[in-house]
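The residues making up each chain are set out below.
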Amino acid sequence: MSGGRGERKVTGEAEIIACLAPLTARFPGAFALSDDCAAFAPEPGCEIVLNTDAVAEGVHFLPDDRAADIAWKALAVNVSDLAAKAARPRIFLMALAFPDAPEREWIADFARGLAEAQQRFGIELAGGDTDRRPGPLSVTITALGEAPAGRMVRRGAARPGDVLYVSGTLGDAALGLRLRTKPGAAGGWRLSTEQVEALVARYRRPEPRVALRDTLRTHARAAMDLSDGLAKDLGRMAKASACGARVSLPKLPQSTAMEAVAIVDAASAMAARLSGGDDYEVLAAVDPSAAADFEQSSARCGVRVTAIGNMTREPEVLFLDDEGRPITVTHAGWDHF
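Here the structure is a predicted model, which is why all the values come from computation and not from measurement. (Residues numbered from 1 in each chain as written. Predicted model: local features only at pLDDT ≥ 70, side-chain atom pairs only at ≥ 80, totals over all residues. Heavy atoms only, no water.)

Some points on the pattern of salt bridges
Across all of its chains, the model carries 29 salt bridges by this definition. Between Arg 104 and Glu 15 there is a salt bridge, with the nearest N and O atoms lying 2.4 Å from each other. Of this pair, Arg 104 sits in helix 3 (residues 104–121) while Glu 15 sits in helix 1 (residues 13–20), and the two are 89 residues apart along the sequence. For Glu 15, a relative accessible area of 25% puts it in the partly exposed group. (Salt bridge = Lys/Arg side-chain N within 4 Å of Asp/Glu carboxyl O. Helix = DSSP H or I, 4+ residues; strand = E, 2+ residues; numbered from the N terminus. Buried < 20%, exposed > 50% of the residue type's maximum accessible area, 1.4 Å probe, protein only.)

Structure follows, in structure tokens:
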């Protein structure tokens, strides 16, 4: 982002705002970023569902990641939370903190990536802030969605006996990050070019499961997104629900690229699926009587879901191998502290 001649860099905040203002075109309440606040009203009978997440250089993305991918990821990680709550994404506020004046080309690429993500997720820019401060580049987003009043799906409503489901496949983003930081791993894992690209894409551009919104609201008892690793996030759901859980490791869904890695490096593959983080898939607890309907509805949405275990009365969260023996999870998942 930094470097280059002075004329390549933006000359002030107004130039950044002018580049981003077109992204508000479908949301009149943003006033084209010309006012100090935006105005938003949820649909009648709905309540606002909010969340905020930041991504920072060196923590959530690499210094040489494309600006478009940074923008996509910054929005995706926020929309993922809304999707897991069965909320419809509506608008977001964004704060950009730069260590130095960004280049015009970088801002234009960032705006392109943000536009692509907005269209994909059905959400609109409503406003925000830009500033310059010491430290790495960071993008902080506050996303607002809406759900019928009282119908947001909580993480702490699971009950013993509920079937545990995850969407998509697990661990791909963690392997993608490793390939970005250690490209030589691709040879050791005997991956094809297509498999490498697929894993790196999962790291760069996560896909929030917005299509599952109605399915979760109708059939799931509890749900949350998987951002810090299955082991850590399932532990959070179990604690909030005053339950335990049992997960069958052979049932954890994996991509074809993950299968290839598992053949030559089973330990890395399993660690990625259990605690790699950055999956942004959905973890859901479903009453057994609703399991078939949940699976059918998910299939109609075009989202793969896999039953991986059950909630239990016992407080422990156990991960069982193919012979039903508990394994020790030495690293549960990502933690900033």
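A few points about helix 11 (residues 291–301)
All of the buried residues along helix 11 are Ala 291, Phe 294, Ser 297 and Ser 298. One side of helix 11 carries all its buried residues, which in axial view fall inside an arc of 130°. In helix 11, those exposed residues whose orientation departs by more than 90 degrees from the buried face are Ala 299 and Arg 300. Residues of helix 11 that are buried make contact with strand 5 (163–167), helix 7 (213–219), strand 8 (281–286) and strand 9 (305–312). In the stretch just after helix 11, Gly 302 is the one whose phi turns positive, near 80°. (Arc of directions from axis to C-beta. Contact = heavy atoms within 4.5 Å.)

Brief notes about the side chain of Ser 241
Within the secondary structure layout, Ser 241 lies in helix 8 (residues 230–241). Within the structure, the side chain of Ser 241 is placed 3.1 Å from the backbone nitrogen of Ala 158, a separation counted as a polar contact. Setting aside residues no more than four positions away along its own chain, Ser 241 makes contact with Arg 155, Gly 156, Ala 157 and Ala 158. (Polar contact = N/O pair within 3.5 Å; in protein donor to acceptor, adjacent residues only side chain to side chain.)

Observations concerning the sheet that holds strand 3 (residues 124–132)
Strand order in the open sheet formed by four strands is 1-4-2-3, with mixed pairing between adjacent strands. Edge positions in the open sheet fall to strand 1 (46–56) and strand 3, since each of these has one partner strand only. Going from strand to strand, the sheet's axes swing by 15° on average, the running direction of each strand aside. Bridge count between strand 2 (residues 88–98) and strand 3: eight bridges; the pairing is parallel. Across the sheet, Phe 98 pairs through a bridge with Arg 132, a residue of strand 3. (Pairing = 2+ DSSP bridges. Axes fitted to C-alpha atoms, helices over the stretch in contact; angles between N-to-C directions.)

Overview of the layout of surface pockets
Volume-wise, the second largest pocket comes out at about 270 Å³. Ile 17, Leu 33, Gly 127, Gly 128 and Asp 129 are the residues nearest the centre of the second largest pocket, which is lined by 17 residues in total. Listing elements by their share of the lining of the second largest pocket, those giving two or more residues are helix 1, strand 2 and strand 3. Among the elements that take part in the lining of the second largest pocket, strand 3 stands out by supplying six residues, more than any other. Taken together, the residues of the lining of the second largest pocket break down into 10 nonpolar, three polar and four charged. (1 Å grid on protein atoms, 1.4 Å probe; cavity = no way out; pocket = protein on both sides within 12 Å on 5 of 7 lines; lining within 4 Å. Points joined across faces, edges and corners; volume = space filled by probe spheres on them. Nonpolar A, V, L, I, M, F, W, Y, C, P; charged D, E, K, R; others polar.)

Observations regarding the packing of aromatic side chains
The tally for this structure, following the rule as stated, stands at five aromatic pairs. Their ring planes at 85° and their centres at 5.9 Å tell us that Phe 98 and Trp 106 sit as a pair that is edge-to-face. A connected cluster of aromatic rings, assembled from ring pairs, spans Phe 98, Trp 106 and Phe 110. (Phe/Tyr/Trp six-rings, centres within 6.5 Å; stacked < 30°, edge-to-face > 60°.)

Re the packing of helix 2 (residues 67–84) against helix 3
Where helix 2 contacts helix 3, the axes come no closer than 7 Å and their chain directions differ by 35°. The crossing of helix 2 and helix 3 is right-handed. Residue-level contacts link Ala 67, Ala 68, Ile 70, Ala 71, Trp 72, Leu 75, Ala 76 and Val 79 of helix 2 to Trp 106, Asp 109, Phe 110, Gly 113, Leu 114, Glu 116, Ala 117, Gln 118, Arg 120 and Phe 121 of helix 3. Residue classes in the contact of helix 2 with helix 3 are distributed as 13 nonpolar, two polar and three charged. (Left-handed = near helix turned anticlockwise from the far one by under 90°.)

Topic: the side chain of Ser 227
Within the secondary structure, Ser 227 sits in the loop between strand 6 (220–226) and helix 8. Under the relative-accessibility criterion, Ser 227 is labelled buried at 18%. Residues within four places of Ser 227 in sequence aside, it is in contact with Asp 233, Gly 277, Asp 278 and Tyr 280.

Concerning the confidence of the model for the chain
Interpretation of this model should avoid reading the predicted coordinates in detail wherever pLDDT is low. Per-residue confidence for the chain averages 94 on the pLDDT scale, and 96% of its residues sit at or above 70. The low-confidence segment residues 1–5 (pLDDT under 50) makes 11 contacts with residues lying over four places distant or belonging to another chain. (pLDDT = per-residue confidence, 0-100.)

Quick notes on the pairing of strand 8
With six of its six residues buried, strand 8 lies for the most part within the structure. Here strand 8 shows a buried face lined by Glu 281, Leu 283 and Ala 285 and a second buried face lined by Val 282, Ala 284 and Val 286. Across four bridges, strand 5 lies against strand 8 in antiparallel orientation. By the bridge assignment, Val 163 is partnered in strand 8 with Val 286. Sheet analysis places strand 6 next to strand 8, joined by six bridges and oriented antiparallel. Of the residues in strand 8, the one forming a bridge with Ala 220 is Val 286.

Focus on the nonpolar core
Ranked by size, the top nonpolar core spans 44 residues in total, and within it Leu 20, Leu 75, Phe 92, Met 94, Phe 110 and Val 139 carry the most contacts. Listed by contribution, the elements that provide at least two residues to this core are helix 1, strand 1, helix 2, strand 2, helix 3 and strand 4 (138–148). Residue contributions to this core peak at 11 residues, all from helix 2. Excluding residues within four positions of it along the chain, Val 139 makes contact with Asp 53, Ala 54, Val 55, Ile 70, Ala 74, Met 94, Ala 95, Leu 96 and Phe 110. Ranked by size, the runner-up nonpolar core spans 23 residues in total, among them Leu 170, Leu 234, Val 247 and Leu 274. (Core = buried A, V, L, I, M, F, W, Y, C linked by side-chain atoms within 4.5 Å.)

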